[in-house]
Amino acid sequence: MTSTIAASETVESMTAPDAALAIETRGLVKRFGTQLAVNDVNLSVPRGSVFGFLGPNGSGKTTTIRVLLGLAAATGGSVRVLGEEMPDRLASVLPRIGALVEGPGFYPFLSGTANLHRLDSADRFASPATRTARVKAALERVGLSHAAGKKVHAYSLGMKQRLGIANALLMPRELLVLDEPTNGLDPQGTREVRTLVRSLAADGITVFVSSHLLDEIELMCTHAAVMSVGRIVAQGTLDELRRTGEVYVRIITPDDDLARAALAELGIAAGYPVGGRLSALLPDPSIAPETIVSALVAAGARVRGFDIEGATLEDRFVALTGEGFDVAQ
Amino acid sequence: MSLNSVSTARSVPETDTGPASPSGGSLLRSELIVLFRRGRTLAMLGALAAIPIMIALAIKLSPAKLSAAKGPPFLDQVSNNGLFLVVTALLISLPLFLPLTIGVVAGDTIAGEASLGTLRYLLIAPAGRIRLLLVKYAGVAAFCFVGTAVVAITGTLVGLAFFPVGRVTLLSGDTVGIGEAIGRLSLVSSFVFVSLLGLSAIGLFISTLTVVPVGAMAATVVMSVVVQILDALPQLGWLHPWLFSHYWIDFADLLRQPISFASFGENALLQLGYIVVFGALAIGRFASKDVLS
Ligand SMILES: Nc1ncnc2c1ncn2[C@@H]1O[C@H](COP(=O)(O)OP(=O)(O)OP(=O)(O)O)[C@@H](O)[C@H]1O
Ligand SMILES: [Mg+2]
């Protein structure tokens, strides 16, 4: 998926574009100076899917989105959005897309309503006759009706974020591109966004949503891609991503040092505990659970909880993008 | 290099030849509303309105008659005829105050939207890059018009209120009635308005180069000052006809009998040249620019 060799790529780009895809990139490259922010990305976002776009900070998610929307020119590769070649057909494709890119951007000296009027008037296909009604409906949909007349400089972070989502919903869309839509939202807002995304998806709208919040993605997406250092390292349905045959052991213990040593004896490498829980990939799924437990007990680790389960999205994410906390580039 | 050719081939992302639609003029209307409802714009217009008022007060309150040789031309005539207040106020505003306000408005056009983060949302609306530039330039031109009109109209009102008004003696010595004089003042105001259009185009271009609006504003104002200094250096005579400020003070030609439109025409042509050149540069730059703010 990631290391497409040159030959297979040529074959790929010569095959007919897939009409069932809302977004399709082939060998997409975006370079900033010497840095490859996006490196040979082949995205395939099926129509009607809720597609999670995952990746650590600086992995190139926003940059990819900017190129998809024609804000930045690709250094190489091809992009098709809603079946149209980009950026040639930008003017006819963009009205069919609603987007939130790298946080909201508004005029602080205008009210929420006035801001949406302003941005709506930029869209030549948006009818001025229905503008007031559409703005009102969009504000209602994100729960901002009561703050609609307030100047945006008096909005909180989450209110601005909601206004940004309202802007994406001003017109009926075929594709929504949401870059970290739940950033800064309260739990109610996060739930609302989730419900909103589900209801949009139920209407047949494709939603492409980037996030770091894996539980979010797990709760609302049907498909996902994981980016790391400018490349896509995994892509597919959520089940495909999780179903890797990998089995994890989870241990609740206060003696994580002892437990780690005991696990190491069995050839199991455990990381550091998260929320009092040790989690480790079983290199050999046939190791019997009781073997592990007795090894732990023999080593003097107090085992207060024990479980063996399949990979979560978080396991996959960490396995794919690395444990390290430092930004990669 | 093939990668480069790919990126230049994609560098003009859209043309503005999309289907005409009923809402084509909405963006311009919205631009004008945002521009003229903004506190900063209103403050600048207020400051421009204060110029004729300050001049009138200075003349009223000064005890002795100033000799004609000192101070700006026309100043000594104001106390005889209030309509000369308009000419004096425009003459004083043109080199500095008007370019200052236009630097602010023109420098803010693209860089201001970029720094607010609204530029990306306008572009994905989609406003169309070239359409957005045209609308932005129209906004600055509208500000030039309103700014000049504010100086001229307050000048007229204050002149009528504070000073005697009668038949006006032109620079050529002929006298004309008030109706004709008002006509001449409108021509002078149009001349000043047209004079500002070249600088506006420069400001628009500078604004596409940065995401820091204050930088673009300052650079535009500095341009206007530098060009006027160059225009004042006799050693650079060969350059003078090409400087956008070259004809600025020639509006006096409109106050002679018979009236001469030669400098009006030359000025308009020069400003048009600036609009074409810097408009093309702005389009060339902005159409291919990565919007990363
Ligand atoms: N304007 C720019 N100039 C130079 N490099 C940039 C620019 N914008 C982004 N980059 C680089 O491109 C890489 C990808 O950045 P991008 O914003 O796409 O990351 P991201 O995945 O959206 O991260 P986050 O999760 O923090 O939003 C980063 O290494 C960043 O430093
Ligand atoms: Mg980002």
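Residues numbered from 1 in each chain as written. Chains lettered and ligands numbered in written order. Predicted model: local features only at pLDDT ≥ 70, side-chain atom pairs only at ≥ 80, totals over all residues. Heavy atoms only, no water.

Visitor: It is not clear to me how a nonpolar patch on the surface should be interpreted in this structure. Could you clarify?
Guide: A grouping of Leu96, Phe97, Leu100, Val225, Ile229 and Leu233 of chain B is seen on the molecular surface, where their side chains present a nonpolar patch of about 470 Å² in accessible area. Those elements that provide at least two residues to the nonpolar patch are helix H6 (97–116) and helix H11 (213–232) of chain B. (Patch = residues over 30% accessible without salt bridge, like charges linked within 9 Å, V, L, I, M, F, W, Y side chains within 5 Å. Areas by Shrake-Rupley, 256 points an atom, 1.4 Å probe, with all protein chains shown as cover. Salt bridge = Lys/Arg side-chain N within 4 Å of Asp/Glu carboxyl O. Helix = DSSP H or I, 4+ residues; strand = E, 2+ residues; numbered from the N terminus.)

Visitor: Would you mind going over helix H5 (residues 84–93) of chain B with me for this structure?
Guide: Residues lying three or four places apart along an α-helix face the same way, a consequence of the helix completing one turn every 3.6 residues. Among the 10 residues that make up H5 of chain B, nine are buried, leaving the element largely enclosed by the rest of the structure. For H5 of chain B, every residue scored as buried is listed here: Phe84, Leu85, Val86, Val87, Thr88, Ala89, Leu90, Leu91 and Ser93 of chain B. (Buried < 20%, exposed > 50% of the residue type's maximum accessible area, 1.4 Å probe, protein only.)

Visitor: I tried to follow unusual backbone geometry on my own but got confused; where do I start?
Guide: Negative phi is the rule for most residues except glycine; trans is the rule for most peptide bonds. Across the junction of Met86 of chain A and Pro87 of chain A, the peptide omega takes the value 0°, indicating a cis bond. Tracing the backbone through its elements, the reader meets Pro87 of chain A in the loop between strand S6 (84–86) and helix H3 (90–93). Between Ala125 of chain B and Pro126 of chain B the backbone carries a cis peptide bond, its omega angle lying at 0°. As for its placement among the helices and strands, Pro126 of chain B is situated in the loop between helix H7 (118–124) and helix H8 (129–162). Positioned with a positive phi, Asp40 of chain A is a non-glycine residue whose angle comes to about 55°.

Visitor: Please clarify how the sheet that holds strand S4 (residues 50–54) of chain A should be interpreted in this entry.
Guide: What holds strands together in a sheet is hydrogen bonding between their backbones, with the strands either parallel or antiparallel. Residue and element names in this part refer to chain A. The six strands lie next to each other as S7-S8-S9-S4-S10-S11, forming an open sheet whose pairing is mixed. Two strands bound the open sheet, and with one partner strand each, they are strand S7 (97–100) and strand S11 (231–237). Going from strand to strand, the sheet's axes swing by 10° on average, the running direction of each strand aside. Where helix H12 (residues 313–321) meets the sheet, its contacts fall on S4, strand S10 (223–228) and S11, and the angle it forms with S10 comes to roughly 30°. (Pairing = 2+ DSSP bridges. Axes fitted to C-alpha atoms, helices over the stretch in contact; angles between N-to-C directions. Contact = heavy atoms within 4.5 Å.)

Visitor: Help me understand the interface of chain B and chain A, please; the structure alone is not making it clear to me.
Guide: One frequently used descriptor of interface size is the decrease in accessible area upon assembly of the parts. Taken together, the contact between chain B and chain A spans 38 residues of the former and 44 residues of the latter. Summing both sides of the interface, chain B and chain A together bury roughly 3500 Å²; the carbon and sulfur share of this comes to 58%. In this structure, the connection of chain B to chain A is made through three salt bridges. In this structure, the salt-bridge partner of Asp290 of chain B is Lys30 of chain A, at a minimum N-O distance of 2.4 Å. Remark: the boundary between chain B and chain A carries 18 residue pairs in polar contact (both at pLDDT 80 or more). Counting only elements with at least two residues in the side of chain B that touches chain A, the list comes to helix H1 (2–9), helix H2 (26–37), H6, H7 and H8 of chain B. If you tally residues by element for the side of chain B that touches chain A, the top one is H7 of chain B, at six residues. Here the residues of the side of chain B that touches chain A sort into 16 nonpolar, 10 polar and 12 charged. (Buried area = accessible area lost by both parts, 1.4 Å probe. Polar contact = N/O pair within 3.5 Å; in protein donor to acceptor, adjacent residues only side chain to side chain. Nonpolar A, V, L, I, M, F, W, Y, C, P; charged D, E, K, R; others polar.)

Visitor: Sorry if this is basic, but what is going on with the packing of helix H3 (residues 39–61) of chain B against H5 of chain B here?
Guide: Residue and element names in this part refer to chain B. Close contact between H3 and H5 brings their axes to 9 Å; oriented N to C, the two are set at 115°. Our pair here, H3 against H5, has a crossing hand that is right-handed. On H5, the residues that touch Ile51, Pro52, Ile55 and Ala56 of H3 are Leu85, Thr88, Ala89, Ile92 and Ser93. Considering only residue class, the contact of H3 with H5 consists of seven nonpolar, two polar and no charged. (Left-handed = near helix turned anticlockwise from the far one by under 90°.)

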